[in-house]
Amino acid sequence: VIDGFSVKSWIERPARREIYKDGTFTEQKYNIWTKLALTAPDQLRQRVAWALYQIVPIGATGGFVPRTEVWTVYYDIFVRHAFGNYRNVLKEVSFHALMSEWLSFAGNAAIQYQLDMDPDSEIYPDENYAREIMQLFSLGIFKLNMDGTIQTDADDEPLYTYNS
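Read on for a plain summary of the structure. Everything numeric in this text was worked out from a predicted model, so none of it was measured. (Residues numbered from 1 in each chain as written. Predicted model: local features only at pLDDT ≥ 70, side-chain atom pairs only at ≥ 80, totals over all residues. Heavy atoms only, no water.)

### Some remarks on the nonpolar core
At step 1: Core analysis: the biggest nonpolar cluster contains 20 residues, and V56, Y74, F78, V93 and M99 have the highest contact counts within it.
At step 2: Where this core is concerned, the elements lending two or more residues are α4 (43–55), α5 (68–80), α6 (86–94), α7 (97–102) and α9 (128–137).
At step 3: The element contributing the most residues to this core is α5, with 7 residues. (Core = buried A, V, L, I, M, F, W, Y, C linked by side-chain atoms within 4.5 Å. Buried < 20%, exposed > 50% of the residue type's maximum accessible area, 1.4 Å probe, protein only. Helix = DSSP H or I, 4+ residues; strand = E, 2+ residues; numbered from the N terminus.)

See the structure below:
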């Protein structure tokens, strides 16, 4: 029961249809997720997958937006690894095309490659994704105590997890 409605009546209520009635990519994406989340026999796995997706989300930008399949394949990463190792989640997410578009590392080249192609090049690799992995999806910006509070130095300034 959701908000006093049965699952079936909640999905079929007019307000719900009004939001997703146009047959767009957004409608397809949400309809697929809603059906799985509400009817799959492995509800715990579905809920853990949703929680993981909230930790490693992707914005609706880039060239893949109107393609439903690439989004469902991305979400399947979290379903597959719901009870696994977070390192494996980050690895598979890192190789996914949506993440490469969203965090701008698609087509990124190593510095040696750039220098081999053009020795006078002053183009450097995009380090955005490495920073995002460290800051957003794993270590965080500041060191934490076991209770989740930020560690501070003698001057009560926060201790950074790493220096760039």
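### What to know about the environment of L44
At step 1: Relative to the assigned elements, L44 resides in helix α4.
At step 2: Classification of L44 by relative accessible area gives exposed; the value is 58%.
At step 3: Expressed as a C-alpha distance, the spacing of L44 and F83, which sit 39 residues apart in the sequence, is 9.6 Å.

### Some points on α6
At step 1: Those residues of α6 lying buried are V89, L90, V93 and S94. Each buried residue of α6 lies within a common arc of 130° when the element is viewed along its axis, so the set occupies one face. Those residues of α6 that are exposed and aimed more than 90 degrees away from the buried face are R87 and K91.
At step 2: Measuring from the side-chain oxygen of the N-cap residue of α6 to the backbone nitrogen of R87 gives 2.7 Å; that N-cap residue is N85. (Arc of directions from axis to C-beta. Polar contact = N/O pair within 3.5 Å; in protein donor to acceptor, adjacent residues only side chain to side chain.)

### Quick word on the side chain of H81
At step 1: In this structure, H81 sits in the loop between α5 and α6.
At step 2: For H81, a relative accessible area of 17% gives the class buried.

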